[in-house]
Amino acid sequence: MGPLPPSNQPRTVRVGAREVPTDSEGYLRRLEDWSEDFARALAREEGLTLTPAHWELIHYLRDYYQTHGVQAQVRVMIKHFSAVWGPERGSNHHLHDMFPIGGPQKQGNRLAGLLRTKGEH
């Protein structure tokens, strides 16, 4: 990965032959630009290998947003994934281990193609 642009500068993520516009942290500028290939490309840039569990969380985030019109809070993710995966794998600690660059709310939302949440810089 080359040097990142200054923090307030937009950038792009190469998805196949296409450059997909993002903000300086990799959040999509347009929700409709998301694809699984975008998630793979961004994960590669961020040094993350996506496992089936990552995909399950990414699709959960997308479905939650589509259903509720807002992004899932971490406590909502913990409740859901503790029920699905068990309390250890669904824990806050484990979800943050899965998404080491900002946890599931930041890195997870970036990979899911959701916009930057309020309160993020």
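Residues numbered from 1 in each chain as written. Predicted model: local features only at pLDDT ≥ 70, side-chain atom pairs only at ≥ 80, totals over all residues. Heavy atoms only, no water.

Within the protein, the secondary structure is distributed over five helices and two strands. Here the protein, with 121 residues, has 43% of them falling under the buried criterion. Across the protein, the fraction of contacts at a sequence separation of at least 24, relative to all contacts at a separation of at least 6, is 47%. A total accessible area of about 6900 Å² is found for the protein, and carbon and sulfur atoms account for 53% of it. (Helix = DSSP H or I, 4+ residues; strand = E, 2+ residues; numbered from the N terminus. Buried < 20%, exposed > 50% of the residue type's maximum accessible area, 1.4 Å probe, protein only. Contact = heavy atoms within 4.5 Å. Areas by Shrake-Rupley, 256 points an atom, 1.4 Å probe, with all protein chains shown as cover.)

So, on to the environment of Ala43. Mapped onto the secondary structure, Ala43 falls in helix α1 (residues 36-45). The class for Ala43 is buried, based on a relative accessible area of 1%. As a C-alpha pair, Ala43 and Gly108 span 65 residues in sequence and 9.9 Å in three-dimensional space. Excluding its chain neighbours within four sequence positions, the residues that come into contact with Ala43 are Leu48, Leu50 and Leu111.

Attention now moves to the packing of helix α2 (residues 52-68) against helix α3 (residues 74-85). Axes are the key here: two packed helices are described by the angle between their axes and the distance separating the axes. Their axes nearest at 12 Å, the elements α2 and α3 cross at an angle of 130°. Here α2 is positioned oblique relative to α3, judged by the angle of their axes. Considering only the axes of α2 and α3, their crossing is right-handed. Residues Ala53, Glu56, Leu57, Tyr60, Leu61 and Tyr64 of α2 form the contact with α3, whose participating residues are Val76, Met77, His80, Phe81, Val84 and Trp85. Residues of the contact of α2 with α3, tallied by class, amount to ten nonpolar, one polar and one charged. (Axes fitted to C-alpha atoms, helices over the stretch in contact; angles between N-to-C directions. Parallel < 35°, antiparallel > 145°, perpendicular 65-115°, else oblique. Left-handed = near helix turned anticlockwise from the far one by under 90°. Nonpolar A, V, L, I, M, F, W, Y, C, P; charged D, E, K, R; others polar.)

Function-wise, these values are silent; they only describe arrangement.
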